[in-house]
Amino acid sequence: MNSKKKTIPLNQYLADVSTLSYGCMGLGGGWNQNPVSRENINQAHQVVDTALQAGINLFDHADIYTMGKAEKVFGQVLTESPGLREKMYIQSKCAIRPADDSGPTRYDFSRQWVSSSVDNILTRLNSEYIDILLLHRPDPLMELDEIAETLYQLKNSGKVHHFGVSNMHQHQIAFLQSALDAPIVTNQIEISLDKLGWLEEGIMAGNPEGRDINFSAGTLEYCRLNNVQIQAWGSLARGLFSGRDTTGASAAVKGTSLLVSKLADKYQAPCEAVVLAWLMRHPARVQPVIGTTNLDRIKACCQAELVNLTREEWYSLYESARGQALP
Ligand SMILES: NC(=O)c1ccc[n+]([C@@H]2O[C@H](COP(=O)([O-])OP(=O)(O)OC[C@H]3O[C@@H](n4cnc5c(N)ncnc54)[C@H](OP(=O)(O)O)[C@@H]3O)[C@@H](O)[C@H]2O)c1
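Quick caveat: nothing in here was measured; it's all calculated off a predicted structure.

Caption draft 1: Representation of the overall build of the protein within the structure. Helix and strand content of the protein: 12 helices and 10 strands. For a compact globule of 327 residues, the expected C-alpha radius of gyration is about 20 Å, and the protein comes in at 20 Å, within 12% of that figure. Its C-alpha atoms give the protein principal-axis dimensions of about 50 × 45 × 40 Å. Counting all 327 residues of the protein, 53% fall into the buried class.

Printed below as a string of structure tokens:
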């Protein structure tokens, strides 16, 4: 097993972590009970090597991805190439419990579930620690003191170095933070050129037409004020603007794809890089999580840092993706 490591101080981690994160949800061979194959492990080796060589050093997991197999193949990669662990940060998530004989899909921040989930994550990853643990989705039945004590013990034991959340709005983060000694360092949410709520709630403030925007007002500002890194899942919009077949898509999608490819030509960069550069141009310094398993696409994504969109280009993409001019 990879040895225990002294916690890297938060400021050192923030200075060292890559701008992009690699999302491991596509590893492990699918959401089924089939055993992990040699092919699945080889794919994970290739993906990890490609991502590291292209400059990505943060790998994003969750205990549920491909029913535990994403972590399992990753752990096998670390076993077969033990030097890799020191070159990367690993974050994983827990607290989504898929439907089983005991009940429906549920979220669970109880001491017993979170502690045992972390132990299982570490076993699958073949690592004695993870750098960051994210609580995957807010649990309405969360007992504040219980989760605070659980996270404290996980940090104290050295099993988890830092904590974050996912899919939470600012009030949920503030509530949880109020009981924790350690800072919440990350909030991973779905934002992209295709999911614009994070911008729309600000742009449409006070405008009755904005009343149905499904993004909690002020979450972005809360995260920025409190140094909570915003990570974007679904950041590639699953290829919607960077090469996926758009037959039957809306005029906004088709127009935005065209604009992305024009900007790609201008910047001599792949379309994926433009899509991610649009997220990264925001001063919140959004950290995109990319979920592609295609090696060329991983390399293409890593060119995002070379694309510096002008204000006008950024707004053109925004307007095009929202399908109408700003108010
Ligand atoms: N916190 C959460 O609740 C949550 C939820 C979902 C995901 N995540 C994390 O975020 C990561 C990324 O999320 P995601 O995978 O949903 O979104 P994504 O990165 O936007 O999309 C990746 C998917 O899009 C496909 N794709 C990308 N470009 C394409 C193109 N030009 N043509 C065809 N297909 C294309 C990829 O296929 P190829 O592999 O063939 O490139 C892959 O299946 C995940 O791996 C996971 O780590 C977190």
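Caption draft 2: Region of the structure containing the site of the ligand. Lining the immediate environment of the ligand, one finds 27 residues, of which Asp60, Ser166, Gly291, Thr292 and Thr293 sit closest. Take Ser166: an N or O atom from its side chain is 2.8 Å from a nitrogen atom of the ligand. Asn167 is positioned with one of its side-chain polar atoms (N or O) 2.9 Å from an oxygen atom of the ligand. Contact with the protein chains hides 82% of the accessible area of the ligand, taken as 900 Å² for the molecule alone. In the shell around the ligand, the residues fall into eight nonpolar, 14 polar and five charged.

Caption draft 3: Just the packing of aromatic side chains, in detail. According to the stated counting rule, one finds nine aromatic pairs in the structure shown. Taking the centre distance of 6.1 Å and the plane angle of 55 degrees together, the rings of Tyr22 and Phe59 count as tilted. Highlighted residues: Tyr22 in strand β1 (residues 21-23) and Phe59 in strand β2 (residues 58-60), separated in sequence by 37 residues. Taken as a pair, Tyr22 and Phe59 share a single burial class, namely buried. Relative to Tyr315, the ring of Trp314 has its centre 5.0 Å away and its plane inclined at 80 degrees; by these criteria the two rings are edge-to-face. Here Tyr315 falls in the partly exposed class, since its relative accessible area comes to 34%.

Caption draft 4: Quick peek at the sheet that holds strand β6 (residues 130-135). Here eight strands make up a closed barrel; going around it, the order is β1-β2-β3-β6-β7-β8-β9-β10 and the pairing parallel. Here the strands of the sheet are splayed against their neighbours by 30 degrees on average, with no regard to which way each runs. The strands touched by helix α5 (residues 144-156) are β6 and β7 (160-166); relative to β7, the strand with the most contacts, the crossing angle is about 145 degrees.

Caption draft 5: Seen up close, empty space enclosed by the protein. Scanning the entire structure with this criterion turns up one cavity of 30 Å³ or more. Taken as a whole, the largest cavity holds about 30 Å³ of empty space. The residue makeup of the lining of the largest cavity, split by class, is three nonpolar, two polar and one charged.

Caption draft 6: Quick peek at the packing of helix α4 (residues 111-125) against α5. One way to put it is that α4 packs onto α5 with a least axis distance of 9 Å and a crossing angle of 25 degrees. It follows that α4 is roughly parallel to α5 by the angle criterion. α5 is crossed by α4, and the crossing has right-handed handedness. Seen from α4, the contacting residues are Arg111, Val114, Ser115 and Val118; seen from α5, they are Glu146, Ile147, Glu149, Thr150, Leu151, Gln153 and Leu154. Per-class residue counts for the contact of α4 with α5 are five nonpolar, three polar and three charged.

Caption draft 7: Looking closely at the pattern of salt bridges. On inspection of all chains with the given rule, the structure shows 12 salt bridges. Salt-bridge contacts for Arg238 lead to Glu190; the nearest nitrogen and oxygen are separated by 3.6 Å. One end of the pair, Arg238, is in the loop between β9 (229-233) and α9 (251-267); the other, Glu190, is in strand β8 (residues 184-190), and 48 residues separate them in sequence. On the accessibility criterion, Glu190 (24% relative accessible area) is partly exposed. Asp296 serves as the salt-bridge partner of Lys299, at 3.9 Å between the closest nitrogen and oxygen. Here Lys299 pairs with Asp296, and both are found in helix α11 (residues 295-301), just three residues apart, close to one helical turn.

Caption draft 8: Main features of the nonpolar core. With 94 residues, the main nonpolar core has Tyr22, Phe74, Leu133, Leu176 and Trp278 as its most contacted residues. A per-element tally of this core places helix α10 (residues 271-280) first, with eight residues. When residues no more than four places from it in sequence are discounted, the contact partners of Tyr22 are Leu27, Val47, Ala51, Ile56, Leu58, Phe59, Asp60, Val289, Ile290, Thr292, Thr293 and Ile298. Counting residues in each nonpolar core, the second largest holds eight residues, with Ile8, Val17, Tyr89 and Leu134 among its members.

Caption draft 9: Geometry of the pairing of β7. In terms of burial, β7 is a largely internal element, seven of the seven residues being buried. Summarising the sheet, β6 and β7 pair through five bridges and their orientation is parallel. The partner of Leu135 across the bridge, within β7, is Val165. Note that the unit made of β6, α5 and β7 has a crossover that is right-handed. Pairing analysis gives three bridges linking β7 to β8, with the strands arranged parallel. Looking at β8, one finds that Phe163 is bridged to Ile184. Crossover handedness for the path β7 to helix α6 (residues 170-177) to β8: right-handed.

Quick notes on the rules
Residues numbered from 1 in each chain as written. Predicted model: local features only at pLDDT ≥ 70, side-chain atom pairs only at ≥ 80, totals over all residues. Heavy atoms only, no water. Helix = DSSP H or I, 4+ residues; strand = E, 2+ residues; numbered from the N terminus. Rg over C-alpha atoms; globule rule 2.2 N^0.38 Å. Buried < 20%, exposed > 50% of the residue type's maximum accessible area, 1.4 Å probe, protein only. Near = heavy atom within 4 Å. Polar contact = N/O pair within 3.5 Å; in protein donor to acceptor, adjacent residues only side chain to side chain. Areas by Shrake-Rupley, 256 points an atom, 1.4 Å probe, with all protein chains shown as cover. Nonpolar A, V, L, I, M, F, W, Y, C, P; charged D, E, K, R; others polar. Phe/Tyr/Trp six-rings, centres within 6.5 Å; stacked < 30°, edge-to-face > 60°. Pairing = 2+ DSSP bridges. Axes fitted to C-alpha atoms, helices over the stretch in contact; angles between N-to-C directions. Contact = heavy atoms within 4.5 Å. 1 Å grid on protein atoms, 1.4 Å probe; cavity = no way out; pocket = protein on both sides within 12 Å on 5 of 7 lines; lining within 4 Å. Points joined across faces, edges and corners; volume = space filled by probe spheres on them. Parallel < 35°, antiparallel > 145°, perpendicular 65-115°, else oblique. Left-handed = near helix turned anticlockwise from the far one by under 90°. Salt bridge = Lys/Arg side-chain N within 4 Å of Asp/Glu carboxyl O. Core = buried A, V, L, I, M, F, W, Y, C linked by side-chain atoms within 4.5 Å. Right-handed = clockwise from strand over helix to strand, strands pointing away.

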